[in-house]
Structure formats: C-alpha cells, structure tokens
Amino acid sequence: MATAPIKVGRRKEATARVRLLPSPDGTTAIVVNGKNYRDYFPHHIYYSLLDHALQTAEADGRYHIHVTVSGGGVKGQVEAVRLGIARALVADHPEIKPRLRAANLLTRDPRAVERKKSGRKKARKRFQFSKR
C-alpha cells in the first residue's frame, strides 16, 4: 500500500492538509498540528465527526493520519479535516468513493460569511429608520 499524497479539505476560512500513512501497529492515530486530535479539538462532539469518514470507509486501524490545519474556528477546522481525510481515503482506495459520496463526506460545504455592504451595519442589518 503506497502512501497517499497530501489532500486538502476546506470549510469557511479553515484549510486542512491531510496525509495518510500506513499504520504499523494496527491502530489509528490522528495527529493535528503536532497534537493528538482529542487534545487539539476541545469537545467530544468533534471526535465522532472526525471518525465518521474512517468508519464509513471501514479503515479504522489502517492509517496514521497527520494533519496541518489553519484558519477559521474550531468547527470549521473539524469539518475541513473530515473532508481532507475523506479525499485522502479516496485517493488511496478509489473503490470506496461511492460509499463516502453517499454519506455526503466528499462534498465541500460552500457556505461562507456574507460580505458587509456599504451603508449598513453588517451584511443585512440596517441602521434604524425614522419616518419623522
């Protein structure tokens, strides 16, 4: 099994670069910016989001995953990492692509913050209107 190339996942302002390495000991280790992902991401709800791609691809215990993530907030970073892991898994095993696609793990979420318009307080908020 060859090492998959670095794959990129993005969400909002977050960018994650993911690299899969074969696991020598049959365990999965996810390292994010030099830390274990359970130490890097502060809440347990994010752990299941990251494990989702591996469980869907039935790849638990087959890879050590090294991630460099920057920008955005915590949730955006988690979702960027999840997309990067899914893309890296497809690059290594193309036959699992339909399964990951069906689980909606290969779709980049295009939503982003709407820009502020001139003459307004925020993107949509307006200054108070007085008729008289």
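See the structure above.
Keep in mind that what you see is a predicted model, and the values were worked out from it rather than measured.

J.: Looking at this structure, I do not really get the overall build of the protein. What am I missing?
T.: Counting its regular elements, the protein contains four helices and five strands. Counting from the amino terminus, the protein carries its helices and strands in the arrangement β-β-β-β-α-α-β-α-α. Here the C-alpha atoms of the protein give a radius of gyration of 19 Å, more than 25% beyond the 14 Å that 2.2 N^0.38 yields for 132 residues. Here the C-alpha coordinates of the protein stretch approximately 75 × 30 × 25 Å along the principal axes. Per-residue burial for the protein yields a buried fraction of 36% across its 132 residues. Of the contacts formed within the protein by residues at least 6 apart in sequence, a portion of 67% connects residues at least 24 apart. Of note, the protein has its 28 positive side-chain charges centred 17 Å away from the centre of its 11 negative side-chain charges.

J.: Explain helix H3 (residues 74-92) here, please?
T.: An α-helical segment advances 3.6 residues per turn. Residues three or four places apart therefore align on the same side. With 19 residues, H3 ought to run about 27 Å at 1.5 Å a step, and its terminal C-alpha atoms sit 27 Å apart, in line with that. Taking burial as the measure, the 19 residues of H3 include 14 buried ones, the bulk of the element.

J.: In this structure, what is going on with the layout of surface pockets? I would like to understand it.
T.: It is a probe the size of a water molecule, rolled over the atoms, that shows where empty space is left. Here the largest pocket is characterised by a volume of approximately 200 Å³. For the lining of the largest pocket, the secondary-structure elements that each account for two or more residues are strand E1 (7-11) and H3. Looking at the lining of the largest pocket element by element, the count peaks at four residues for H3. Its residues assigned to classes, the lining of the largest pocket shows three nonpolar, two polar and eight charged.

About the thresholds
Residues numbered from 1 in each chain as written. Predicted model: local features only at pLDDT ≥ 70, side-chain atom pairs only at ≥ 80, totals over all residues. Heavy atoms only, no water. Helix = DSSP H or I, 4+ residues; strand = E, 2+ residues; numbered from the N terminus. Rg over C-alpha atoms; globule rule 2.2 N^0.38 Å. Buried < 20%, exposed > 50% of the residue type's maximum accessible area, 1.4 Å probe, protein only. Contact = heavy atoms within 4.5 Å. Lys, Arg positive; Asp, Glu negative; His and termini not counted. Charge placed at Lys NZ, Arg CZ, Asp CG, Glu CD. Expected span 1.5 Å × (residues − 1). 1 Å grid on protein atoms, 1.4 Å probe; cavity = no way out; pocket = protein on both sides within 12 Å on 5 of 7 lines; lining within 4 Å. Points joined across faces, edges and corners; volume = space filled by probe spheres on them. Nonpolar A, V, L, I, M, F, W, Y, C, P; charged D, E, K, R; others polar.

Read these as spatial facts, not as claims about activity.
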